[in-house]
Amino acid sequence: MHIGILSRNSRLYSTRRLIEAAEARGHTARVVDTLRCYMNIASHRPSIHYKGAEIEHFDAVVPRIGASVTFYGCAVLRQFEMMGTYVVNDSVAIARSRDKLRSLQLLSRKGLGLPVTGFAHSPDDIPDLITMVKGAPLVIKLLEGTQGIGVVLAETNQAAESVIQAFMGMKANIMVQEYIKEARGADIRCLVVGDKVVASMKRQAADGEFRSNLHRGGTASEIRITPEERSTAIRAAKAMGLAVAGVDLLRANHGPVIMEVNSSPGLQGIETATGKDIAGMIIDHIAKSAAPAKKIPPKPKG
C-alpha cells in the first residue's frame, strides 16, 4: 500500500514511527505537510495539489493534525474523502473530538462516566455554576487549550470566581469541572485501535502539580486497566467515530470518568512506557481496513 501521513513535521516521533512501521511491513509512506496542500473542489474530479503539482494517489491517509490547524486540516482530509481515499480517522470525527464541550455532550448522551461539568456565558451565573459542580476545589479549562495549557485548579470558591471572571472578561470559552481528588494527580491514557485497547499507561503529575500531562513534567508507567475502564475507552472512541484514539480516564470513587478523547494521540510516551509497537498496530489496522476496498473482485458477467 501507499500511505500518506498528514503531518507538519516529519521529524516528530509519532510521524517517524508510523513511517518505520509502514516500511517494515512492505508499504511505502510519504509525509505531507497539511498546510501546503491546496484543493480543487470540483464535482466531477476533486483533487489535491501539493507544492506545485497534483498529489499522487494514496491508498490510505493517516491524519496527524495538530489542534492549531484543525480547521484547515479537516478541510484537506474531507478532500481526500471526496476522492475516495481511506482515512484512518475521518474529518467529522476529528472535528467532533476537538470540540471539548460537544464531545462531552456526546459522551453524556451515550451514558458514559464524566466529571460533573458546567458551562455558562454570563458572569451573573458564576456562583450557581460553582455550586453546580460541587464547589471548590474545582478545575477551570479553556475549551481551546491543549497539553494542559489553560487548565487551572481553583482551591476556593473565591479563587474560582476570580479566575472565571477573568476568563469571561477576555471573551474566552471555558468549562468548569468537579475536581476528582481521589485520582491523586494521576490519569490513565488508553490507546484504542479499531475496537480494542491495545495499550494503557498511568500518567502521574509531578510534585506540586495536578496536571498529569507528560509535557507538564508528568511521568508515565504501564498499568493494568479494569474491564470497566477498557469498555469505557472503547465506547468513548466509538461515540466520537474514531478508529484510533487516546482516551484519558480518571479513577473516581464511582468508577472511571472520561477527561478527553484525543484524535491524534502521541506515541512516544505510551510506546516507551509499555514497550509495544503501537505504530505497527495502527499500520496493521489500516492494511486490514483499507484493503477490502481495493480488492473487491469484479462481479462475473451474466
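Structure first, text after, so check above.
Here is what the cut-offs are and how they apply
Residues numbered from 1 in each chain as written. Predicted model: local features only at pLDDT ≥ 70, side-chain atom pairs only at ≥ 80, totals over all residues. Heavy atoms only, no water. Buried < 20%, exposed > 50% of the residue type's maximum accessible area, 1.4 Å probe, protein only. Helix = DSSP H or I, 4+ residues; strand = E, 2+ residues; numbered from the N terminus. Contact = heavy atoms within 4.5 Å. Phe/Tyr/Trp six-rings, centres within 6.5 Å; stacked < 30°, edge-to-face > 60°. Salt bridge = Lys/Arg side-chain N within 4 Å of Asp/Glu carboxyl O. Pairing = 2+ DSSP bridges. Axes fitted to C-alpha atoms, helices over the stretch in contact; angles between N-to-C directions. Parallel < 35°, antiparallel > 145°, perpendicular 65-115°, else oblique. Left-handed = near helix turned anticlockwise from the far one by under 90°. Nonpolar A, V, L, I, M, F, W, Y, C, P; charged D, E, K, R; others polar. Core = buried A, V, L, I, M, F, W, Y, C linked by side-chain atoms within 4.5 Å.

## Let's talk about helix α4 (residues 100–109)
- Among the residues of α4, those classed as buried are K100, L101, S103, L104, L106 and L107.
- Buried residues in α4 make contact with α3 (91–98), β8 (117–118), β9 (138–142), β11 (174–178), α7 (227–240) and β16 (255–262).
- Two residues or fewer past α4, G111 is found with a positive phi of approximately 80°.

## Focus on the packing of aromatic side chains
- For the coordinates displayed, the defined rule picks out one aromatic pair.
- Measuring from centroid to centroid gives 6.2 Å for F58 and F80, while their planes differ by 55°, and the two rings are tilted. Note that F58 is positioned in the loop between β5 (53–54) and β6 (60–63) and F80 in helix α2 (residues 70–82), a separation of 22 residues in sequence. Just as F58 is buried, F80 falls in that class too.

## Details of the pattern of salt bridges
- Under the counting rule described, the total for this entry stands at 13 salt bridges.
- One salt bridge connects R25 with D277, and the closest N-O pair in it is separated by 3.2 Å. Here R25, found in the loop between α1 (13–24) and β2 (28–32), pairs with D277, found in the loop between α8 (268–274) and α9 (278–295); they are 252 residues apart in sequence, far enough to count as distant.
- For R25, a relative accessible area of 32% corresponds to the partly exposed category.
- According to the relative accessible area criterion, D277 is partly exposed, its value standing at 32%.
- E54 is paired through a salt bridge with R45; the nearest N and O atoms lie 2.9 Å apart.
- Residue classification places E54 among the partly exposed residues on the basis of a relative accessible area of 39%.

## Examining the sheet that holds strand β12 (residues 186–193)
- The five strands lie next to each other as β14-β13-β12-β15-β16, forming an open sheet whose pairing is antiparallel. With one partner strand each, in any of the chains shown, β14 (219–222) and β16 form the two edges of the open sheet. Between one strand and the next, the sheet's axes are offset by a mean angle of 30°, whatever the strand orientation.
- Sheet topology note: the strand β15 (residues 244–252)/β16 ladder contains seven bridges and is antiparallel. The residue of β16 that forms the bridge with L249 is I258.

## A few points about the sheet that holds strand β1 (residues 2–6)
- The strand order across the open sheet formed by four strands is β2-β1-β6-β7, and the pairing between neighbours is parallel. The sheet is open, and its two borders are formed by β2 and β7 (86–87), each paired with just one other strand.

## Brief notes about unusual backbone geometry
- With an omega of 0°, the peptide bond running from A136 to P137 counts as cis.
- Despite not being glycine, K51 shows a phi value in the positive range, around 55°.
- Checked against the element boundaries, K51 lands in the loop between β4 (47–50) and β5.
- The class for K51 is exposed, based on a relative accessible area of 52%.
- Notably, R184 is not glycine yet its phi reads approximately 55°, a positive angle.

## A few points about the packing of α3 against α4
- Close contact between α3 and α4 brings their axes to 5 Å; oriented N to C, the two are set at 100°. On the basis of the axis angle, α3 is roughly perpendicular to α4. Note on element contacts: α4 touches α3 through K100, R102, S103 and L106, opposite R96, S97 and R98.

## A word on the packing of α4 against α7
- Axis separation between α4 and α7 bottoms out at 10 Å; the angle between their running directions is 120°. The pairing of α4 with α7 is recorded here as oblique in orientation. At the point where α4 passes α7, the crossing takes the right-handed sense. Two secondary-structure elements touch here, α4 through S103, L106 and L107 and α7 through A236, A239 and M240.
- Residue composition of the contact of α4 with α7, by class: five nonpolar, one polar and no charged.

## Notes on the nonpolar core
- Formed by 27 residues in total, the largest nonpolar core has its most connected members in L107, C190, V197, A236, V247, I258 and V261.
- Of all elements in the fold, only α4, β12, α7, β15 and β16 reach the threshold of two or more residues within this core.
- In terms of residue count, the dominant contributor to this core is α7 (six residues).
- In terms of nonpolar packing, the next biggest core, distinct from the first, is built from 24 residues, V198, A199, L267 and A290 among them.

Distances and angles like these do not, on their own, reveal function.
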